[in-house]
Amino acid sequence: MELDHLVLLALMTVLFTVCSLPLIVTFAADFNEKADLTALRFISVNSIVDPWVFIIFRTSVFRKFLHRVCCRQTDVSTHKDQLGGTRAKSGITKV
């Protein structure tokens, strides 16, 4: 449970930093209308993406995602082991 919240906090911090960095840079630089517009677009993207990050990385969805990824990797390795055992029993060898 704590790991889920920590991942969400880290992701939100990185997202906020990336989206607000152009705005900070434009304040330090000389006036440039095009750069200001780009910085405002970045900060707007942050407010659009934040709710989606919360929805995707809430605990239940995040756990289902991890469970599917972990189970899929286990299923693939089990399937490969079963195929390898079948080939060994039937006398089929890889070329």
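The following paragraphs examine the structure supplied in this document. The residue numbering used here restarts from 1 in each chain and proceeds along that chain's sequence as written. Confidence filtering applies because this is a predicted model: local features only for residues at pLDDT of at least 70, side-chain atom pairs given and counted only at 80 or more, and all residues used for totals across whole chains, interfaces and linings. To get the side-chain values, all heavy atoms of the structure are used, and hydrogens and water are removed first.

### Here's the deal with the overall build of the protein chain
Assigned secondary structure in the protein chain consists of three helices and zero strands. A run of H or I in DSSP becomes a helix once it reaches four residues, and a run of E becomes a strand once it reaches two; helices and strands are each numbered from the N terminus. Along its sequence from the N terminus, the protein chain presents helices and strands in the succession α-α-α. Expressed as a percentage of the 95 residues in the protein chain, the buried residues total 13%. For the protein chain, the share of sequence-separated contacts (at least 6 apart) that also reach a separation of at least 24 residues comes to 66%. Method for areas: the Shrake-Rupley scheme with a 1.4 Å probe, in which residue coverage is limited to the protein chains shown. Looking at the protein chain as shown, the accessible area adds up to about 8,000 Å², and 69% of this sits on carbon and sulfur atoms. Exposure classes here rest on a 1.4 Å probe applied to the protein chains alone. A residue is buried below 20% of its type maximum, exposed above 50%, and partly exposed in between. Contacts are residue-level and defined by heavy atoms, with any inter-residue pair within 4.5 Å sufficient.

### Considering helix 2 (residues 33-56)
The span one expects for a helix is its residue count, reduced by one, times 1.5 Å. If you check helix 2, its first and last C-alpha atoms are 35 Å apart, about what 24 residues at 1.5 Å a residue would give, namely 34 Å. Looking at the buried side of helix 2, the elements it contacts are helix 1 (2-28).

### Points about the nonpolar core
With five residues, the main nonpolar core is built from Leu-8, Met-12, Leu-15, Cys-19 and Val-53. The element that contributes the greatest number of residues to this core is helix 1, accounting for four residues. Those residues in contact with Leu-15 that sit more than four places away from it in its chain are Asn-46, Val-49, Asp-50 and Val-53. Within this scheme, the nonpolar core is defined by two criteria: the residues are buried Ala, Val, Leu, Ile, Met, Phe, Trp, Tyr or Cys, and they are joined through side-chain atoms within 4.5 Å.

### Brief notes about the packing of helix 1 against helix 2
Packed helix pairs are specified by the crossing angle of their axes together with the interaxial distance, meaning the distance between the axes. Where helices are involved, their axes are fitted lines through C-alpha atoms of the stretch in contact, as for all axes, and angles between N-to-C directions lie from 0 to 180°. The contact between helix 1 and helix 2 brings their axes to 7 Å, and the two run at 165 degrees. As summarised for this structure, helix 1 and helix 2 are arranged roughly antiparallel, according to the angle between their axes. Judged by the sense of rotation from one axis to the other, the crossing of helix 1 with helix 2 is left-handed. Contacts between helix 1 and helix 2 involve Leu-8, Leu-11, Met-12, Leu-15, Phe-16, Val-18, Cys-19, Ser-20, Pro-22, Leu-23 and Thr-26 from the first element and Ala-35, Asp-36, Ala-39, Leu-40, Phe-42, Ile-43, Asn-46, Val-49, Asp-50, Val-53 and Phe-54 from the second. Each residue gets one label: Ala, Val, Leu, Ile, Met, Phe, Trp, Tyr, Cys and Pro are nonpolar, Asp, Glu, Lys and Arg are charged, and the others, such as Gly, are polar. Here the residues of the contact of helix 1 with helix 2 are counted per class, giving 17 nonpolar, three polar and two charged. Working rule for angles: under 35 degrees goes down as roughly parallel, over 145 as roughly antiparallel, 65 to 115 as roughly perpendicular, anything else as oblique. The hand of a helix crossing depends on one turn: near helix anticlockwise from the far one by less than a right angle means left-handed, and clockwise means right-handed.

### Focus on the environment of Leu-9
Inspection of the secondary structure puts Leu-9 in helix 1. Between the C-alpha atom of Leu-9 and that of Phe-54, which follows or precedes it by 45 residues, the distance is 9.9 Å.

### Remarks on the state of the cysteines
Covalently bonding the sulfur atom of one cysteine to the sulfur atom of another cysteine gives a disulfide. Disulfide assignment relies on a single distance test, namely cysteine sulfur atoms paired within 2.5 Å. This model, assessed by the stated rule, comprises zero disulfides. Between Cys-70, a cysteine without a disulfide, and Cys-71, which holds the nearest cysteine sulfur, the sulfur-to-sulfur distance is 6.8 Å. Of the residues examined, Cys-70 reaches a relative accessible area of 46% and is grouped as partly exposed.

### Details of a nonpolar patch on the surface
Together, Ile-48, Trp-52, Ile-55 and Ile-56 line one region of the surface with nonpolar side chains, adding up to about 430 Å² of accessible area. Residue placement: Ile-56 occurs in helix 2. Two joining distances apply to patches: 9 Å for like charges and 5 Å for nonpolar side chains (Val, Leu, Ile, Met, Phe, Trp, Tyr), and every residue must have over 30% relative accessible area and no salt bridge. When a carboxyl oxygen of Asp or Glu lies within 4 Å of a side-chain nitrogen of Lys or Arg, that pair is called a salt bridge.

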